[in-house]
Amino acid sequence: GKVTKHENGKNLRFSLVTGPPVGQQCEHCNSPFHIGGPFWLNPIHNKQFIADLLNSIEDDVYATEDRIRGMLTMALEELEDVPLYYELPRLSNIVRKSVKKMTSYTSAILNAGYKFSLSHANKHGIKTTAPIGFFWDILRTQAKEDGIDPVKNLHPDSPGYKIMAKEATQSIDFTLHPEANPESRERSLTRFQMNPEANWGPKARSRTSFIPELAHKQVLKQEEKKKRRESLKAMKQEFKTAKRAKLEEQYKNNT
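The structure presented is a predicted model; accordingly, all values stated were derived computationally and were not measured.

Procedures and definitions
- Residues numbered from 1 in each chain as written.
- Predicted model: local features only at pLDDT ≥ 70, side-chain atom pairs only at ≥ 80, totals over all residues.
- Heavy atoms only, no water.
- Phe/Tyr/Trp six-rings, centres within 6.5 Å; stacked < 30°, edge-to-face > 60°.
- Helix = DSSP H or I, 4+ residues; strand = E, 2+ residues; numbered from the N terminus.
- Buried < 20%, exposed > 50% of the residue type's maximum accessible area, 1.4 Å probe, protein only.
- Expected span 1.5 Å × (residues − 1).
- Contact = heavy atoms within 4.5 Å.
- Pairing = 2+ DSSP bridges.
- Salt bridge = Lys/Arg side-chain N within 4 Å of Asp/Glu carboxyl O.

1. Some thoughts on the packing of aromatic side chains
Item 1. Scanning the entire structure with this criterion turns up 2 aromatic pairs.
Item 2. Plain terms: the ring middles of Tyr-86 and Phe-135 are 4.8 Å apart, the flat faces sit at 55° to each other, and that makes the pair tilted. Taken together, the positions of Tyr-86 in strand β3 (residues 86-87) and Phe-135 in helix α5 (residues 132-145) put the pair 49 residues apart, joining distant regions of the chain.
Item 3. Owing to a relative accessible area of 2%, Phe-135 belongs among the buried residues under this scheme.
Item 4. Ring geometry for Tyr-114 and Phe-134: centres 5.2 Å apart, planes at 65°, overall edge-to-face. Taken together, the residues Tyr-114 in the loop between α4 (102-111) and β4 (116-119) and Phe-134 in helix α5 connect sequence positions 20 residues apart.
Item 5. Given a relative accessible area of 0%, Phe-134 falls into the buried group.

2. Describing α5
Item 1. Along its 14 residues, α5 runs 20 Å from first to last C-alpha, staying within 8% of the 20 Å computed at 1.5 Å per residue.
Item 2. Those residues of α5 not exposed but buried are Gly-133, Phe-134, Phe-135, Trp-136, Asp-137, Ile-138, Leu-139, Arg-140, Thr-141, Gln-142 and Ala-143.
Item 3. Tucked inside the fold, the buried residues of α5 contact β3, α3 (88-94), α4, β5 (122-128) and α6 (159-164).
Item 4. In the stretch just after α5, Gly-147 is the one whose phi turns positive, near 70°.

3. A closer look at the sheet that holds β4
Think of a sheet as strands paired side by side through backbone hydrogen bonds, with each pair either parallel or antiparallel.
Item 1. Read from one edge of the open sheet, 3 strands run β3-β5-β4, paired in antiparallel fashion. Edge strands, defined here as strands with exactly one partner in the open sheet, are β3 and β4.
Item 2. Pairing between β3 and β5: 2 bridges, direction antiparallel. Its bridge partner being in β5, Glu-87 is matched across the sheet by Gly-125.

4. Points about the pattern of salt bridges
Item 1. Under the definition given, this model contains 6 salt bridges.
Item 2. Among the ionic pairs, Lys-127 bridges to Glu-78, the shortest N-O distance being 2.8 Å. Of this pair, Lys-127 sits in strand β5 while Glu-78 sits in the loop between α2 (65-77) and β3, placing them 49 residues apart in sequence. Here Lys-127 and Glu-78 have matching classes, each one buried.
Item 3. Close ionic contact of Arg-140 with Asp-137 constitutes a salt bridge, the shortest N to O distance being 2.6 Å. One end of the pair, Arg-140, and the other, Asp-137, are both in helix α5, 3 residues apart, so they sit about a helical turn from each other.
Item 4. Classification of Asp-137 by relative accessible area gives buried; the value is 0%.

Laid out in structure tokens, this is it:
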């Protein structure tokens with residue numbers, strides 16, 4: 001709750017908190033707001049501790065050494081006063097536009113005087129001091145520079161249409177900024193979990209087991225299912241043969 005001092009200066013008054021001074025609808029798409037949270041607003045990293053930890057890592061000691069260095073380096077780069085991040089592919093999907101190179105967007109942010117960093121929580125996430133309206137201006141400008149109708153493939157009632165139908169309110173400069181690519185990304189440090197093998201990803205459910213007894217049972221069950229399928233197939237074939245023979249016999253008797 002909210003704690004304030006009483007008029008007498010001695011006692012404390014406890015009351016309900018009030019929300020931020022915003023309306024019920026988004027100013028960009030007129031959609032209703034949804035309540036989320038709670039969120040941690042203070043810094044999530046101790047930069048000095050991370051720097052000391054990074055310097056203490058010895059070579060060839062840990063199997064995941066490259067990823068440890070990459071994640072710690074990224075944590076050092078993160079903005080401390082920005083608790084949340086924007087996911088560029090998700091924003092682009094709302095307005096049905098393709099995603100350009102990461103440095104194009106980060107350059108636009110820096111050229112406008114805002115700050116940015118990547119996020120350790122999402123490989124597509126960007127933390128920035130720029131407001132959400134600036135990102136919509138980026139996507140509006142991107143569509144015009146690409147010669148694409150901003151509202152193409154968008155339903156008139158969709159949030160994306162309402163966003164892209166408006167004109168950009170800020171000038172967007174995509175000129176490459178010298179600090180557009182963070183050190184962790186420029187050095188190609190391993191920042192997120194690596195795939196354990198080539199072409200790794202969603203596959204069919206595994207049918208193998210590392211438990212010998214369980215694997216043996218699975219083989220037996222598969223053999224039983226195969227025998228039942230073959231037996232059922234043979235019964236169907238016998239039924240068809242018998243039925244054909246009966247029909248032939250009836251035909252001969254009738255003739």
